[in-house]
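Summary of structural features
The primary structure of each chain is shown beneath.
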Amino acid sequence: MTVFRRGGRTRLSNPRAGRIRLPPSPSGETRTSRAPCPSPSPSQGRARRLTRDRHFSELRPRPWRAADFRPRKRFQLNGGGGTATQKYRPANMNPSNRFNTLEEIVTLYGSDNDTESVNLQLSTLEGENKNQADLTDTNTSHTPETSGKGFKAFRHPEPQGAPGVIMIEKLINSIREYLKSDRKGVLEKLVFLRSLSTLSHAIPYDETTESFIHENLSQIQNAITILVQQEPLHSLFSPVRQELFIAITDLSCQDINLLLGSDDKSNLFSDLIKSIITLPSIKTLSILQTVMPNVQYDTESLYRQTFQAFCEMLQCLVIQDPHLENLDQILELMEPWLQSTKDHERERATTSMSQMLRCLSRHLNLQPPLYFQKLGSLVALMALLCGDPVEEVAQEAAEGIHYLLHITLKLKGITGDRKSRQNIKDIMKKCKELLDINNIKEFYSNPFKIAQVFEVLLSPNELVQFIVTTLDGLKNLKHPCTQQSAGELLVTLVKSAETRFEKVPDIMRAICDRLPIISQPSARQQAINIVSLFISRPKYTDAVLNHLLYYPIPFDRHLAELWRTLDIDLPNTTWILWRLLRKLQKCHNVDQEKMEYIAVAATEALYEIFVGNKLQAAMYRLFPQLLMALLIQVHHSIGLTMSDITIPDDMYLSNKDISTSTPLSFAIQATKTLLLRTACWYEFNVMEKRKGWNLLEMEYFHLDGVSLLANVLLEKHGMLAHKVLYLLIPLLNRGNEKHRLTSAAFFVELFQSPLARRIPKRYTITRLEEWLYHENHQFRVLSLKGMDSLLCHHQGKEEAIKGMIPVILSNLSETDEKIVLFSINVLRSLLDTMDFTTLKTTMQALFSLFSDFRPNVHLFAVNVFGDSIKMVKHKNKQDIEGQILESLIPLLLHSQDENEAVAEESSRVLTICCRFLKWKLPRQVYNKDPWHSNPSGIGVICKFFEQKCRGKCNIMMQTMNYIKNHQVQLKRAAILFTGLLAKYMDHNELRMKGTEWIEEVLRPLLQDPEPSVRIIACQALCRVQKAGAEPEPRPEACRMRKFFNFIC
């Protein structure tokens, strides 16, 4: 019937008929199609075309010619009895073939000629004029001929044209009744859906229908949502799903969108997809039919037609949208099913996508702006499916990727700039190899060719999508061949497009996030190989390192495995290790309140690389830089915890990591591993035996640990030590203070090497002099240590250092023991170059250290004092004699020192002094027994020194200075010597000077906590008092009187 449309023009209706029944093709495949009424008149055919144009576009697109890789012949149709031409003519059909209760009025959905070939000429970029094609593709292996049972139910009279006013009213009432009804069985659902489908075709012609649909759209959508949710996911016993897809398709043709645009619509779309994709396999459905006694349909045929209706719905959605926004959303919902682990689900998803791409490629009518943002993901998904172990899936994917290539070429021609359009010819030449492949098995058995072809077409963002999606293929444990295909695709794409990636951190993030999920070792290695490829390219090295270093430390086992198993070509290993090393070194150049996180992460990364030992050649080559950087990192890490590190805001560290891990432990273990991996086993063992690692971990002794390691390295691996020496020359004035200190400690220790003689003076003597005036006492220690090393191992350096003697002498008063000791050592080496004045000053300074409480300082001072006496020339002996006399009693008393080394050295130097004075010491001086246990011997010694020094020096005053010494033995010896000295002194002189001052010193010692001191003090006090009260004894006194006086 004729219906008047708005605007005054008449338009013929589009009658809907049942499903056609097609005989099987020679290839064994069948198809179903929604067909027009039998024997349409020419005017009706024209009306159909006008209606279709009204629904979709006023401008007929000129589609690409696409290759069909499935061998099929033209269909022989039952009703017509002839052979189908390029646009087949459907024959009369039995309405029961569509499992319907209502006769339908449908828009024609025919099939294009399946045997068209791909036109490889460059002119196809501009499009060709060709015969008009239908809008959907119903060619699928899932839709064989229908042979099910008809549904015996009430039917409306079959209309011969578009619905009239009465029919529209009935349809509206039927829909309203369903929306208000509570009881909704299968029959009611089918009547509702077919009424909705039929009514949709009156929308272009009837304002009442259009108004009704739009006013009740939300109720209709809710009803369809409930209907979908009520359909069982494990069985298919009614055509409700099929009618659902048909109704949504018809509404979509009238620009009524029920599936896209909002969250509710997307949820409905997702449920629709799930309801068809998750159905059991055809075999399972057939088995279910045999065990269900009351099934009214042939399940296999019903499934195939339902799936075909689903494919037509998808095709309608993408054809309807010239901006491809619908395609983007469909792909988002279909992606999980394209990656499903169940073969039948993956096959359905792949077939539907291939059908959709085939239809879109033939009827592509793009209009900017384009909103398809997932081209890279779609290419990757289809490429992975080309390697699917299920042959049907691989074939469908192979066809789909061909259609997608045509779409992509057209897409890039629209969205690309002028330069891109000029490159289209080159791209087509590269695509020709792929398009010329006629054997589909050859194509899908080599999916890496897809990466080679599409690489030039994909933008940088789409390349990232391709990689991220392909990475998901590595998680497929069920099909190792899929993992293999994914690995080949990734490697091929990265190698082909190595200069075109922009969002490398996103790729790294995707790989790191998926590593814990990929459990297959070979698949994990393939993912790590991609990281290796990126990090090997100098353009991306820093980007990859920056991302990998911002993961929580200590690294989890997956990221640690990545660092350890990096597979990098030998020429690139040094570059990568150098860039990682530079990340660490930059953190040492500035002073900061908190250590940067990247310093700790780089140290841990170096440790993991050392453990993996994949970059051994680079480790040997960069050994000096690595060793010094790690030692400096150790110095910076002393005393720090993870809470003292500047943690990035977007990073979370667990309390366990903070409490159990420290930056110092990471640096120490990295240093140890470096020594082991570079065959420095001797150095490692020495550091273990001498507690060198403990020294490195302590703030005050860190430089001692560095010096120990430098000494051992120079001893065993001189070549490596020399490389470090030359490296340190420019580093000594770089970085912060800890950086310079560690470098200086290693540097001065290597002065023992013969190569140090070749170093210019400005890098040795001049620098040491600068450090000697440094406010940091550690630099002064290193300066003096360096001078000592130069003077000991290299001749001719004395003259250059001699000018620093005044500063060195002033250092003898420092409280830092190291400074004093090194100063004394340097003075010892410079004694030969000193003039008499400097020598005398030096001896006075050394003599002042005889009473120092630090044993080593005292020992060194006495030792060098003795060496100084040997340096005095004969003409200067009288000038120095007073200084030597002043040192006699201190040396004598220190021969009783509790430190054996000091006692022996004092006795030795005392001998040197007496020889200088040409005295012969009594043999009792060399007796090592304590004086209080040998009273007669100490009497001889005391009498000897009293006689020799009488009138030359005040030995009583020298002795009194030691009575309050902290050492018990020295205190005891000084008290005993004082008492005996009072006995042998000139009593007249003693009475003249008075003994009160001596008694005042001795009397408090009577209360000393040490008993032996109290006894000896009492005896000494008696001797002093007696000596002060009596005159000097006459020589002729009897022996008995002498003995009595002695014991008193």
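Cut-offs applied
- Residues numbered from 1 in each chain as written.
- Predicted model: local features only at pLDDT ≥ 70, side-chain atom pairs only at ≥ 80, totals over all residues.
- Heavy atoms only, no water.
- Helix = DSSP H or I, 4+ residues; strand = E, 2+ residues; numbered from the N terminus.
- Contact = heavy atoms within 4.5 Å.
- Areas by Shrake-Rupley, 256 points an atom, 1.4 Å probe, with all protein chains shown as cover.
- Buried < 20%, exposed > 50% of the residue type's maximum accessible area, 1.4 Å probe, protein only.
- Salt bridge = Lys/Arg side-chain N within 4 Å of Asp/Glu carboxyl O.
- Patch = residues over 30% accessible without salt bridge, like charges linked within 9 Å, V, L, I, M, F, W, Y side chains within 5 Å.
- Expected span 1.5 Å × (residues − 1).
- Core = buried A, V, L, I, M, F, W, Y, C linked by side-chain atoms within 4.5 Å.

1. Observations concerning the overall build of the protein
- Of the regular secondary structure elements, the protein holds 50 helices and four strands.
- Contacts spanning at least 24 positions in sequence make up 77% of the contacts within the protein whose residues lie at least 6 apart.
- Carbon and sulfur atoms make up 50% of the accessible area of the protein, which amounts to about 45200 Å² in all.

2. Some details on the environment of L893
- Tracing the backbone through its elements, the reader meets L893 in helix α42 (residues 877-894).
- Its relative accessible area of 0% is what places L893 among the buried residues.
- The residues touching L893, leaving out its near neighbours within four places in the chain, are W931, T959, Y962, L970, A973, A974 and F977.

3. A word on the side chain of T573
- On the secondary structure map, T573 appears in helix α24 (residues 570-586).
- Accessibility expressed as a relative area gives 3% for T573, which makes it buried.
- Leaving out residues up to four positions away in the same chain, T573 has contacts with I568, L615 and A618.

4. Structural notes on the pattern of salt bridges
- Per the stated rule, a full pass over the model turns up 23 salt bridges.
- When the shortest N-O distance is used, the salt bridge between K374 and E332 registers 3.5 Å. Here the residue K374 occupies a position in the loop between α11 (343-362) and α12 (375-386), and E332 occupies one in helix α10 (residues 325-338), the gap between them amounting to 42 residues.
- Here E999 and R1003 are joined by a salt bridge, their closest N and O atoms 3.3 Å apart.
- With relative accessibility at 14%, the residue E999 sits in the buried group.
- Several salt bridges share partner residues, and in doing so they unite D343, R346 and D388 into one network.

5. Description of a nonpolar patch on the surface
- On the surface, I287, V291 and M292 cluster together into a nonpolar patch covering about 270 Å² of accessible area.
- Tracing the chain through its elements places I287 in helix α8 (residues 282-291).

6. Looking at helix α19 (residues 480-496)
- For α19, which comprises 17 residues, the first-to-last C-alpha distance of 24 Å matches the rise-based estimate of 24 Å (1.5 Å per residue) to within 8%.
- Where the residues of α19 are buried, they touch α12, α17 (448-454), α18 (460-473) and α21 (521-536).

7. Considerations on the nonpolar core
- With 308 residues, the main nonpolar core has F534, W563 and F746 as its most contacted residues.
- Discounting residues that sit within four places of it in the chain, W563 has contacts with L545, L548, L549, F555, L580, A605, E608 and I609.

Bear in mind that shape data such as this cannot, by itself, settle questions of function.
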